[in-house]
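Per-entry structural report
Each chain, written out:
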Protein chains: 2
Amino acid sequence: MSAAFKIKRIAPSIEVVVYEAGLIPSYGACGLPYFISGVIADWQSLIARTPEEIRSQGIDLRLGHRVVKIYPKERRILVRREATGECFLDSYDEFLAATGARAARPKVEGLDSRGIYTLGTIPDAIAIREAALDPAKRNVVIVGGGFIGAELVESFSTLGKNVVLIEKAARFLPQFEGEISAILAEEAAAAGVVIKPGESLAHLVAADGTLVGVSTDRAEYPADIAVLCLGVKPQTAYFEASGIDTLANGALRVDARMHSSLPHIWAAGDCASVRHFQLDSDAYLPLGTNANKQGRLAGEHIAREALGTEGPREGGKRFAGVLGSAVIKLLGLEAARTGLGLEEAKAAGLGAASVLISAPDHAVYYPDSSPVTFLLIYSPTDHRILGAQAVGRRGAALRIDVIAAAIQGGLCTEEFGLLDLCYAPPFASVWDVLHVAANAVK
Amino acid sequence: MSAAFKIKRIAPSIEVVVYEAGLIPSYGACGLPYFISGVIADWQSLIARTPEEIRSQGIDLRLGHRVVKIYPKERRILVRREATGECFLDSYDEFLAATGARAARPKVEGLDSRGIYTLGTIPDAIAIREAALDPAKRNVVIVGGGFIGAELVESFSTLGKNVVLIEKAARFLPQFEGEISAILAEEAAAAGVVIKPGESLAHLVAADGTLVGVSTDRAEYPADIAVLCLGVKPQTAYFEASGIDTLANGALRVDARMHSSLPHIWAAGDCASVRHFQLDSDAYLPLGTNANKQGRLAGEHIAREALGTEGPREGGKRFAGVLGSAVIKLLGLEAARTGLGLEEAKAAGLGAASVLISAPDHAVYYPDSSPVTFLLIYSPTDHRILGAQAVGRRGAALRIDVIAAAIQGGLCTEEFGLLDLCYAPPFASVWDVLHVAANAVK
């Protein structure tokens, strides 16, 4: 929808048809864990734009229509009406793949039992919330300890359930380095959540077609509800045999304008690759922020292409790329990261070192000061800032945004350690957490 | 003290003597308004380091000793014991001026009446707090609407006083552009504070030597307490006739190592100039952050000089300069600024334009979202970010720090509008306030 709106803003005369397989076209999926917990009372508040609002912009929105096949040479698509199963052909001048991703489903025994969920859409969330509201369903197992799994820890913990989370990696929230992950795991444990890193799903145990337990390579846990949070797969099967260039997982590879490897085909969001600014390589980071930026950029370039104003040397915004920024609220904590982790940097052949500090979010003599644990990752040769991760009760997330700007601007720890950050006792210490971290690099 | 500690850390063998005119050597002066309001119960919590802690580092701390004259050619100083008035000479290899600034006192009638205060030191704050605790003293007039004046608005408002603030500039908190200042003035007005911009102090009205009113060029206000917040003057009178280079206000001009224009004399803090990173000129910005950074740098370079390791092409941190970053809490609001204001940029001959936006601090569907008003200042030619100012109930201050990093890194609005900032509903919208501001630049 970002692309569609952008195109219509630039050139209202361009005909824009949107095929959407579901019935809800534009919503804040990142709010779903908070709808499950009840913090957000009504899923309708997650709707960003109603079908009427979309159509009022001159966009031809066709809900319940799934694109099932693309014929790039003929510039045609095969579309199926979901309600009737009936198929028809349509044609395009420019095609934008914005088909997103779906929750991965492992091939294990018991997968089709009642009580097993994935979380990707509003209907998914409604189903999970309904199950969770049944007081007889006490035991919840979350399979997968990434961002969505961790957000569901909070949701189910808030609802008073017995929560077990299993994660096959060696630590909870493996997107964070061990020192940060450990603090998050402690927070979950303090709320009574059982975190089991280093355990893999073996199978789902059912009785009479209803889930009763989750079995791992090490143990079995009673379960009335299991949510599988095992990552997502780009929905690009309709490109099969088209010869389009993809990442190993099927995400369409795009350039800085969001154009794919095939003429007149563009891609944005969770079905597309994204450029990593620091690694200067294509990555897969299916996040709402990336999707929104890519959609807007795709819209701009598609409109320029359609208008004949797009040229190889001409203007138009290019996406410099992402830094892998992300933030999560976990019970009383906020934790955020940007840039490269130590392992990522090493995997990319970059030298990387880190310092770990803890410093108060604001002056200790002003009420309610609390510590922020801050891990700064930098190049040992030139001290360029490569990444950062932080966790604390307050003031962790936005401080990571400061690091995002510093990475984009190429700052080194020496400059950053003397950067003129705002200071007053309710907001920072005279040497802010950010300074303390940068100045810990010797 | 930052310099003294730094020197001792680098080279414990260097003899460091600290002359301090007062009796409290090292404290967080920025906390004083909160001690006056009672939010900080005990002024002793503001003490950063006790004399014992300082001396335990091998620093020869001499309290109650004022340096009254310096003889740069002879490398000698004249020191007065404040208790006895007795003077003696001492000599130095390297001298650091860290004598700070004192509150400016206007030459007006009635200045010596009881009930008139300035705020610079712990004894000042104790005196103001004692006066404020007298329930008979209902009417407070604050003269000067800069940062300290505005913080005292909060202090006295919290204590339930009738507060009038007069400011000779055309607006309250003139460090902010009009749009931001107006929101802050409204917040004060909503708490019952009477803000009178465009009024100048005429004289102080006393009866029997006790303050009863404050008279301006326009009106007279009843006053039991008046606090004069009219800026500060660097305490550098002991350099008189030394030939040292100063700014017009008497601040000692220093280079990026904190060295003054005279051999073996260094300066740091509120008695020194500071380099403005963007203007590449010497400014006077007497703030705790600047002072701490300058002190630490001065200590490093003094130690290197004393050890003979300082050379013109050698390492050692240089101060790239400040951006004029500052933040204030005013009742329920936080307001911050960094970089150049529109007037500052124009005064420096730089083209500058601005956009003003308002956007929610986090996703509107997540509880307690509130708007941040954000003014972004940029170069109309290359869209380089020049400055920003923000005000809101939450999330304004740290977002300004992101802009500080962006200015230091030389980012333009196009890059910044697609910067990979952290997103999750409790912390930001998918297009953050910062993106919305940058993308409003066309």
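Just so we're clear, the structure is a prediction, and the values are computed from it rather than from any experiment.

**Considerations on the overall build of chain A**
Looking only at helices and strands, one finds 11 helices and 24 strands in chain A. In terms of C-alpha radius of gyration, chain A reaches 23 Å, essentially the compact-globule figure of 22 Å for 442 residues. Seen along its three principal axes, the alpha-carbon backbone of chain A occupies a region of about 65 × 65 × 40 Å. Taking all 442 residues of chain A together, the buried fraction comes to 49%. Counted over contacts in chain A with a minimum sequence separation of 6, partners at least 24 positions apart contribute 62%.

**Quick word on the relation of the copies chain A and chain B**
Of the transformation superimposing chain A on chain B, the axial component is 0.0 Å and the angular component is 180 degrees, with the fit at an RMSD of 0.0 Å. Taken together, the turn and the small shift mark the pair as related by a two-fold rotation axis. Most of the interface of chain A is mirrored in chain B, where 100% of its interface residues are also at the interface.

**As for the nonpolar core**
Looking at soluble globular proteins, one finds that nonpolar side chains tend to be buried together. Ranked by size, the top nonpolar core spans 277 residues in total, and within it A:Ala335 and B:Ala335 carry the most contacts. In this structure B:Ala335 touches B:Phe176, B:Ile180, B:Leu184, B:Val327, B:Ile328, B:Leu330, B:Ala390, B:Val391 and B:Ala396, once residues within four positions along its chain are discounted.

**Quick word on the interface of chain A and chain B**
Opposite the 57 residues of chain A that make contact, chain B presents 58 residues. Those elements that place two or more of their residues in the side of chain A that touches chain B are helix 7 (288-307), strand 20 (326-330), strand 21 (333-339), helix 9 (397-408) and helix 10 (413-416) of chain A. Among the elements that take part in the side of chain A that touches chain B, helix 9 of chain A stands out by supplying 10 residues, more than any other. Tallied by class, the residues present in the side of chain A that touches chain B amount to 36 nonpolar, 12 polar and 9 charged.

**Considerations on the domain arrangement of chain A**
All names here are of chain A. Here chain A is described as being made up of domain 1 (2-22 + 64-100 + 233-307), domain 2 (105-230) and domain 3 (334-439). The distance between the C-alpha centroids of domain 2 and domain 3 comes to 32 Å. Between domain 2 and domain 3, the contact holds 7 residues from the first and 9 residues from the second. Its residues assigned to classes, the side of domain 2 that touches domain 3 shows 4 nonpolar, 1 polar and 2 charged.

**A few points about the packing of helix 1 (residues 2-10) of chain A against helix 7 of chain A**
Residues and elements named next belong to chain A. As a packed pair, helix 1 and helix 7 sit with axes 7 Å apart at the nearest point and diverge in direction by 35 degrees. Two packed elements cross with a definite hand, and for helix 1 against helix 7 that hand is right-handed. Residue-level inspection shows Ser2, Ala3, Ala4, Phe5, Lys6, Ile7 and Ile10 of helix 1 in contact with helix 7, the latter providing Asn292, Gly295, Arg296, Ala298, Gly299, Glu300, Ile302 and Ala303.

**A word on the environment of A:Ile377**
Residue and element names in this part refer to chain A. Mapping isoleucine 377 onto the fold places it in strand 23 (residues 371-378). Note on isoleucine 377: 25 C-beta atoms within 10 Å, which makes it buried. A sequence separation of 32 residues divides isoleucine 377 from alanine 345, and the C-alpha atoms of the two residues are 9.2 Å apart. When neighbours within four sequence positions are excluded, isoleucine 377 is seen to be in contact with Gly339, Leu340, Gly341, Leu342, Ala345, Ala352, Ser354, Leu386, Gly387 and Ala388.

**Description of the sheet that holds strand 14 (residues 220-222) of chain A**
Strand pairing in a sheet is mediated by backbone hydrogen bonds. Such pairs are either parallel or antiparallel. All names here are of chain A. Pairing in this open sheet of 3 strands is antiparallel, and the strands run 12-13-14 from one edge to the other. Two strands lie at the open edges of the sheet, namely strand 12 (201-207) and strand 14, each paired on one side alone. Between one strand axis and the next, the sheet turns through 25 degrees on average, direction left out of account.

**Observations concerning the sheet that holds strand 11 (residues 194-197) of chain A**
Residue and element names in this part refer to chain A. With parallel pairing, 5 strands are arranged side by side in an open sheet as 8-15-9-10-11. Lying at the two open borders of the sheet, with one neighbouring strand each, are strand 8 (116-117) and strand 11. Across 5 bridges, strand 9 (residues 139-143) lies against strand 10 (residues 162-167) in parallel orientation. The partner of valine 140 across the bridge, within strand 10, is valine 163. Strands strand 9, strand 10 and strand 15 (225-228) of the sheet are contacted by helix 5 (residues 147-158), whose axis makes an angle of about 170 degrees with strand 10.

**Notes on the pairing of strand 13 (residues 210-216) of chain B**
Residue and element names in this part refer to chain B. Relative to strand 13, strand 12 (residues 201-207) is paired through 6 bridges, and the arrangement is antiparallel. Bridge pairing in strand 13 links alanine 206 to leucine 211. Where strand 12 folds back onto strand 13 in an antiparallel hairpin, the turn is made up of 2 residues, including aspartate 208, whose phi is positive at roughly 55 degrees. As defined by bridge partners, strand 13 adjoins strand 14 (residues 220-222) across 3 bridges and the pair is classed as antiparallel. The residue bridging valine 214 from the neighbouring strand is tyrosine 221, located in strand 14. As consecutive antiparallel partners, strand 13 and strand 14 are separated by 3 residues.

**So, the environment of B:Leu421**
Tracing the backbone through its elements, the reader meets B:Leu421 in the loop between helix 10 (413-417) and helix 11 (433-439). We classify B:Leu421 as buried; it has 29 C-beta atoms within 10 Å. In this structure, the C-alpha to C-alpha distance between B:Leu421 and B:Val402, residues 19 residues apart in sequence, is 9.6 Å. Discounting residues that sit within four places of it in the chain, B:Leu421 has contacts with A:Ser325, A:Asp401, A:Ala404, B:Ala428, B:Asp432, B:Leu434 and B:His435.

**Quick word on helix 9 (residues 397-408) of chain B**
Along an α-helix, a turn takes 3.6 residues, which lines up residues three or four apart on a common side. Residues and elements named next belong to chain B. Along its 12 residues, helix 9 runs 17 Å from first to last C-alpha, staying within 8% of the 16 Å computed at 1.5 Å per residue. Here helix 9 has its buried residues at Ala397, Leu398, Arg399, Ile400, Asp401, Val402, Ile403, Ala404, Ala405, Ala406, Ile407 and Gln408. Of the residues trailing helix 9, glycine 410 is marked for its positive phi of about 70 degrees.

**Considerations on the environment of B:Gly198**
Residue and element names in this part refer to chain B. Note that glycine 198 resides in the loop between strand 11 (194-197) and strand 12. Looking at glycine 198, the number of C-beta atoms within 10 Å reads 13, which means it is partly exposed. The sequence separation of glycine 198 and arginine 81 amounts to 117 residues, and the corresponding C-alpha distance is 43 Å.

**Description of the confidence of the model for chain A**
Across chain A, the average pLDDT comes to 96, with 99% of residues at 70 or higher. For this predicted complex, the interface confidence comes out at an ipTM of 0.97, alongside a pTM of 0.97.

**Some thoughts on unusual backbone geometry**
Positive phi is not limited to glycine here, since A:Ala241 has a value of about 65 degrees. One can find A:Ala241 in the loop between strand 16 (232-234) and strand 17 (265-267). Looking at A:Ala241, the number of C-beta atoms within 10 Å reads 6, which means it is exposed. We note that B:Leu331 has phi near 55 degrees; this positive angle belongs to a residue other than glycine. You can call B:Leu331 partly exposed: it has 16 C-beta atoms within 10 Å.

**Quick notes on helix 7 (residues 288-307) of chain B**
Under the 1.5 Å per step criterion, the end-to-end length of helix 7 of chain B is 28 Å for 20 residues, consistent within 8% with the ideal 28 Å. The element helix 7 of chain B is largely enclosed, with a buried count of 15 among its 20 residues.

Cut-offs used in this document
- Residues numbered from 1 in each chain as written.
- Chains lettered and ligands numbered in written order.
- Predicted model: local features only at pLDDT ≥ 70, side-chain atom pairs only at ≥ 80, totals over all residues.
- Helix = DSSP H or I, 4+ residues; strand = E, 2+ residues; numbered from the N terminus.
- Rg over C-alpha atoms; globule rule 2.2 N^0.38 Å.
- Buried ≥ 20, exposed ≤ 12 C-beta atoms within 10 Å, placed from the backbone.
- Contact = placed C-beta atoms within 7 Å.
- Least-squares fit on C-alpha atoms with pLDDT ≥ 70 in both.
- Core = buried A, V, L, I, M, F, W, Y, C linked by C-beta atoms within 7 Å.
- Nonpolar A, V, L, I, M, F, W, Y, C, P; charged D, E, K, R; others polar.
- Domains from an automatic or database assignment.
- Axes fitted to C-alpha atoms, helices over the stretch in contact; angles between N-to-C directions.
- Left-handed = near helix turned anticlockwise from the far one by under 90°.
- Pairing = 2+ DSSP bridges.
- Expected span 1.5 Å × (residues − 1).
- pLDDT = per-residue confidence, 0-100.

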